[in-house]
Amino acid sequence: MKVSLLVTVYNAQKNLPLTLQSIEEQDYQDLEAVIVDGGSTDGTVGLIEAFADRMVGRQGFSMQWVSEPDGGLYDAMNKAFRMSTGDVIAVCNDKLCKPNAVSKMVAALERGGTDCVGVHADLVYVDGERVIRKWRMGQGRISEGWMPGHPTLFLRRSVYGKYGLYDTSYRCAADYEFMVRFLKEPENRLAYVPEVLVAMFYGGTSNAGLKNYLVSFREGYLALRTNKVPHPLWITLQRSLRVLLQFGKR
C-alpha cells in the first residue's frame, strides 16, 4: 500500500527540519510526501527545496509540494489530500519517533483486515527535548469522551471518499469533527499500536493557550451536536477530563 504523508506548514523553520528528517529516515518502501506551504517568508521554502533535492531518485519515495497562500491549516490539509495519491493517508506535521513508524502502522492496518479503516498509536507532546505529556491512547468510543490522537492516525483513502474532508469553518477542532464524523459509526474500526510513534510539537492549534482551549471546547461540543451524537456536553466534559489526566503521565 502506498502511504501519503501530508505535511502542512507556514513559517516553520524551527520544527520542519525535524519532521523532514523523520520522514527521510523511514524504512517503508512505498512512501509519498505531500508538502503544502502557506507562502512562508522565513526560510521554510528553502528547507523544502533542500529536502526535495536530497530525496531525488530515492527508491520507493515520491514527493509533491507547493508554496502559495491558503485559507489556514485545515484548508492546507484538504489541499494536500487532493494532491496525494496514496492508498493510506496520514497528516505528518510533527515528528515520527522511529524509522519503522510507518511500517508498524501499515502492518497493524493490514492485520486488521478489510473492515479496519485505519490505525492509531500513542504519542507524546514535546517542547524541545522535554516531554510535556504522554498520550496512552488505548481503544474506546467517541461517546465515552475518547478519541484517537489525530497526529498518529493513518486512514484508508476510502474514509475521505465516503465522509469528506476537513470542515474549514472550524478554527481549532476540524480534525476532531472529522474523526467524530466517521468514528460515530460502530462499523468503522481502528487498529491500535500501543507504542509511542509520534512526537507532537507542543503549541499546536488546540493547545496554544487558554483562549484556544476554550475555542476547542466549544467547537468539540459543536462537532458532536452537528453529527447528532447524543449527550454532546457530557462527552465534551469527559474528553476534557481525559486531557487533564494526561498531564500527569510522563
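Residues numbered from 1 in each chain as written. Predicted model: local features only at pLDDT ≥ 70, side-chain atom pairs only at ≥ 80, totals over all residues. Heavy atoms only, no water.

A. Here's a closer look at the pairing of strand E4 (residues 88–91). Side chains Val-88 and Ala-90 project from E4 onto one buried face, and the interleaved Ile-89 and Val-91 project onto a second face that is buried too. Here strand E1 (residues 3–9) runs beside E4; their pairing, made up of four bridges, is parallel. Considered in E4, the bridge of Leu-5 is made with Ala-90. Pairing of E4 with strand E8 (residues 154–156) involves three bridges; the strand directions are antiparallel. (Buried < 20%, exposed > 50% of the residue type's maximum accessible area, 1.4 Å probe, protein only. Helix = DSSP H or I, 4+ residues; strand = E, 2+ residues; numbered from the N terminus. Pairing = 2+ DSSP bridges.)

B. Inspection of unusual backbone geometry at higher detail. A positive phi angle, close to 45°, is found at Asn-11, a residue other than glycine. The backbone phi angle of His-231 is positive, close to 55°, even though this residue is not glycine. One can find His-231 in the loop between helix H7 (210–226) and helix H8 (232–246).

C. Helix H3 (residues 73–83), seen in detail. Those residues of H3 lying buried are Tyr-74, Ala-76, Met-77, Asn-78, Lys-79, Ala-80 and Phe-81. The inward-facing, buried residues of H3 contact E1, strand E2 (31–37), strand E3 (61–67), E4, helix H5 (157–163) and helix H6 (174–183). (Contact = heavy atoms within 4.5 Å.)

D. Representation of the packing of helix H1 (residues 16–24) against helix H2 (residues 44–55) within the structure. For the pair H1 and H2, the least separation of the axes is 10 Å and the interaxial angle reads 15°. The orientation of H1 with respect to H2, classified from their angle, is roughly parallel. For the pair H1 and H2, the sense of crossing is right-handed. Each of Leu-16, Pro-17, Leu-20, Ile-23 and Glu-24 in H1 lies in contact with H2, whose residues at this interface are Thr-44, Leu-47, Ile-48, Phe-51, Arg-54 and Met-55. Residues belonging to the contact of H1 with H2 are distributed by class as follows: eight nonpolar, one polar and two charged. (Axes fitted to C-alpha atoms, helices over the stretch in contact; angles between N-to-C directions. Parallel < 35°, antiparallel > 145°, perpendicular 65-115°, else oblique. Left-handed = near helix turned anticlockwise from the far one by under 90°. Nonpolar A, V, L, I, M, F, W, Y, C, P; charged D, E, K, R; others polar.)

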